[in-house]
Amino acid sequence: MDADHVPSEITEILITDEQLQRRLAEVAAQVDADYAGRDLLLVGVLKGATIVVADFMRHLKSHVTVDWMAVSSYGSGTQSSGVVRILKDLDTDLEGRNVLVVEDILDTGLTLSWLLSNLKSRGAESVEVFTLLRKPEALRIPVEPKYVGFDIPNVFVVGYGLDYAERYRNLRQVGVLDPRVYGG
């Protein structure tokens, strides 16, 4: 779906599909170089990162394995609660593995900080982060991803996996959701 299918709900397109694919290819080339000759496990954070992981791994030139984890600190709202819950854990043992967490968005840092601590405690050789989007103005806990797709303003965005109330994930672009849609 394109944002022009919901023009009254999206106030601005921040990142086009073409920009997303170009940046994913750039990050994939860097990851290929950084992990050359090493096994890499991508850990996608559900549900938002599904599209990011799918497109990102197709840009990689090396073999990777993928696992999924679902954590939540949002519930159905638009702001992080700060209380993290594991909704789906990994199926893969991390002992001695090189792990690249793939996130859709780094907002306050609360969830990602907790997740990194959790994964490092499982004996991984390395744990790094690729986040497609980062909101520098929203960070409350310092988290330094190794790879960042785009820095964006502190606005509520949807599309390319990001949702509001399970809608808009299938937008090809990243756009600003009109506050009237979510009562903001």
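Cut-off values and rules
- Residues numbered from 1 in each chain as written.
- Predicted model: local features only at pLDDT ≥ 70, side-chain atom pairs only at ≥ 80, totals over all residues.
- Heavy atoms only, no water.
- Helix = DSSP H or I, 4+ residues; strand = E, 2+ residues; numbered from the N terminus.
- Rg over C-alpha atoms; globule rule 2.2 N^0.38 Å.
- Buried < 20%, exposed > 50% of the residue type's maximum accessible area, 1.4 Å probe, protein only.
- Areas by Shrake-Rupley, 256 points an atom, 1.4 Å probe, with all protein chains shown as cover.
- Core = buried A, V, L, I, M, F, W, Y, C linked by side-chain atoms within 4.5 Å.
- Contact = heavy atoms within 4.5 Å.
- Pairing = 2+ DSSP bridges.
- Axes fitted to C-alpha atoms, helices over the stretch in contact; angles between N-to-C directions.
- Salt bridge = Lys/Arg side-chain N within 4 Å of Asp/Glu carboxyl O.

1. Side note on the overall build of the protein
A count of helical and extended segments in the protein gives four helices and nine strands. Its helices and strands in sequence order give the protein the pattern β-α-β-α-β-β-β-α-β-β-β-β-α, from N to C terminus. Since a compact globule built from 184 residues should have a radius of gyration of about 16 Å, the 16 Å found for the protein is in line with a globular shape. Each principal axis of the C-alpha distribution contributes one length, and for the protein these read about 50 × 35 × 25 Å. Taken over 184 residues, the protein has a buried fraction of 48%. Roughly 9,000 Å² of accessible area belongs to the protein as shown, and the carbon and sulfur atoms make up 47% of that amount.

2. Quick look at the nonpolar core
Counting residues in hydrophobic clusters, the biggest one holds 28 residues, and the most contacted among them are Val-31, Phe-56, Leu-100, Phe-130, Leu-132, Leu-133 and Val-157. Of all the elements in the fold, those that place two or more residues in this core are helix 1 (17-34), helix 2 (50-59), strand 5 (98-106), strand 6 (126-134), strand 7 (147-151) and strand 9 (174-177). Dropping the residues within four chain positions of it, Phe-56 is found in contact with Leu-24, Val-27, Ala-28, Val-31, Leu-42, Leu-100 and Phe-130. With 19 residues, the next largest nonpolar core counts Val-45, Leu-112, Ala-124 and Val-127 among its residues.

3. Notes on the sheet that holds strand 1 (residues 10-15)
Within the open sheet, the three strands sit side by side as 1-9-8. Their pairing is antiparallel. Each edge of the open sheet is held by one strand with a lone partner, namely strand 1 and strand 8 (157-158). Summarising the sheet, strand 1 and strand 9 pair through four bridges and their orientation is antiparallel. Bridging from a neighbouring strand, Ile-15 pairs with Val-174 of strand 9.

4. Observations regarding the sheet that holds strand 3 (residues 65-72)
Strands sit in the order 4-3-2-5-6-7 across an open sheet of six strands; the sheet is mixed. In this open sheet, the two strands that pair with only one neighbour each are strand 4 (85-88) and strand 7. Taking the axes of each pair of neighbouring strands and ignoring which way they run, one obtains an average angle of 30 degrees across the sheet. Two elements, strand 5 and strand 6, share eight bridges in a ladder whose sense is parallel. Across the sheet, the residue bridging to Val-99 is Val-127, located in strand 6. Packing of helix 1 onto the sheet brings it into contact with strand 5, strand 6 and strand 7, and relative to strand 7 it is tilted by some 160 degrees.

5. Considerations on the pattern of salt bridges
The tally for this structure, following the rule as stated, stands at 14 salt bridges. Two residues, Arg-167 and Glu-9, come together in a salt bridge whose shortest N-O distance is 3.8 Å. Taken as a pair, Arg-167 in the loop between strand 8 and strand 9 and Glu-9 in the segment before strand 1 lie far apart in primary sequence, 158 residues in all. A salt bridge links Arg-169 to Asp-163; the nearest nitrogen and oxygen atoms lie 3.2 Å apart. Look at the salt bridges and you will find they share partners, linking Lys-47, Asp-163, Glu-166 and Arg-169 into a network.

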